[in-house]
Amino acid sequence: MSIEKTIAMYKEDFDLFGSANEKLEYIFDLGKKHTTLKDEEKNEATYVKGCASDAWLVGVCKDGTLLLRGEGTSEMAKGMLTLLLDIFNNRTANEILNFNPQKLQEMGVVELLSPVRQQSLQAFLKMVYSYAQRCKEGVL
């Protein structure tokens, strides 16, 4: 499934909810599927700088495909990480680099995030795109 189709699937899910609070609850529920990282994977290189709460993102490139794993400490970070990893994990570097992150707005949830959480989203995306660029260049 492409990035766009994954976003469309989440949009359908979010459209089922009538209120902003219900959509945010859905994000919290996604966080219940959240994975954790090994302590040694949580370091300065994997720390998501600019995130409102502590979060780490690990990227590994395998045959041009970016494999991502992450961990967040707050309920919102866990939920958003789960959502975003579902969108960006196991994609080719080119697919990520050719994707316009503004299309995330189509899900109908980004505008519900506080300005601080939107900055966290931008910090996460910056790290994903950095990993994708390094994967494409063969230096990850």
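Considerations on the pairing of strand S2 (residues 65-72)
Alright, step 1. Here S2 lies mainly inside the structure; six of its eight residues are buried.
Alright, step 2. Bridge analysis of strand S1 (residues 55-62) against S2 gives eight bridges, and the strand direction is antiparallel. Its bridge partner lying in S2, Cys61 is registered against Leu66.
Alright, step 3. Once S1 ends, the chain turns through two residues before running back antiparallel as S2, passing Asp63 with a positive phi of about 55°.
Alright, step 4. Note that S2 and strand S3 (residues 91-92) share two bridges and pair antiparallel. What sits directly across from Leu66, in S3, is Arg91.

Let's talk about the pattern of salt bridges
Alright, step 1. Using the criterion set out here, one finds nine salt bridges in the structure.
Alright, step 2. For Lys49, the salt bridge identified is with Glu44, shortest N-O distance 3.6 Å.
Alright, step 3. Note on Glu44: relative accessible area 59%, which makes it exposed.
Alright, step 4. Bridged by salt links that share partners, the residues Asp39, Lys42 and Glu71 form one connected network.

A closer look at the packing of aromatic side chains
Alright, step 1. Per the counting criterion, the structure on display carries five aromatic pairs.
Alright, step 2. Judged by centre distance (5.4 Å) and plane angle (40°), the rings of Phe17 and Tyr26 are tilted.
Alright, step 3. A relative accessible area of 26% means that Phe17 is categorised as partly exposed.
Alright, step 4. Look at Tyr26 and you get buried, because its relative accessible area is 17%.
Alright, step 5. Taking the centre distance of 6.3 Å and the plane angle of 70° together, the rings of Phe88 and Tyr129 count as edge-to-face.

Remarks on helix H3 (residues 75-88)
Alright, step 1. Across its 14 residues, H3 extends 20 Å between first and last C-alpha, which sits within 8% of the 20 Å expected from 1.5 Å per residue.
Alright, step 2. The buried fraction of H3 amounts to 11 of the 14 residues, a majority that puts the element mostly inside the structure.
Alright, step 3. Among the residues making up H3, those that are buried are Met76, Ala77, Gly79, Met80, Leu81, Thr82, Leu83, Leu84, Leu85, Ile87 and Phe88.
Alright, step 4. Count one or two residues on from H3 and you reach Asn90, which has phi positive near 60°.

Notes on the environment of Glu25
Alright, step 1. Structurally, Glu25 can be placed in helix H2 (residues 20-30).
Alright, step 2. Through-space distance from the C-alpha of Glu25 to that of Gln133 is 33 Å; in sequence the pair is 108 residues apart.

Analysis parameters
Residues numbered from 1 in each chain as written. Predicted model: local features only at pLDDT ≥ 70, side-chain atom pairs only at ≥ 80, totals over all residues. Heavy atoms only, no water. Buried < 20%, exposed > 50% of the residue type's maximum accessible area, 1.4 Å probe, protein only. Helix = DSSP H or I, 4+ residues; strand = E, 2+ residues; numbered from the N terminus. Pairing = 2+ DSSP bridges. Salt bridge = Lys/Arg side-chain N within 4 Å of Asp/Glu carboxyl O. Phe/Tyr/Trp six-rings, centres within 6.5 Å; stacked < 30°, edge-to-face > 60°. Expected span 1.5 Å × (residues − 1).

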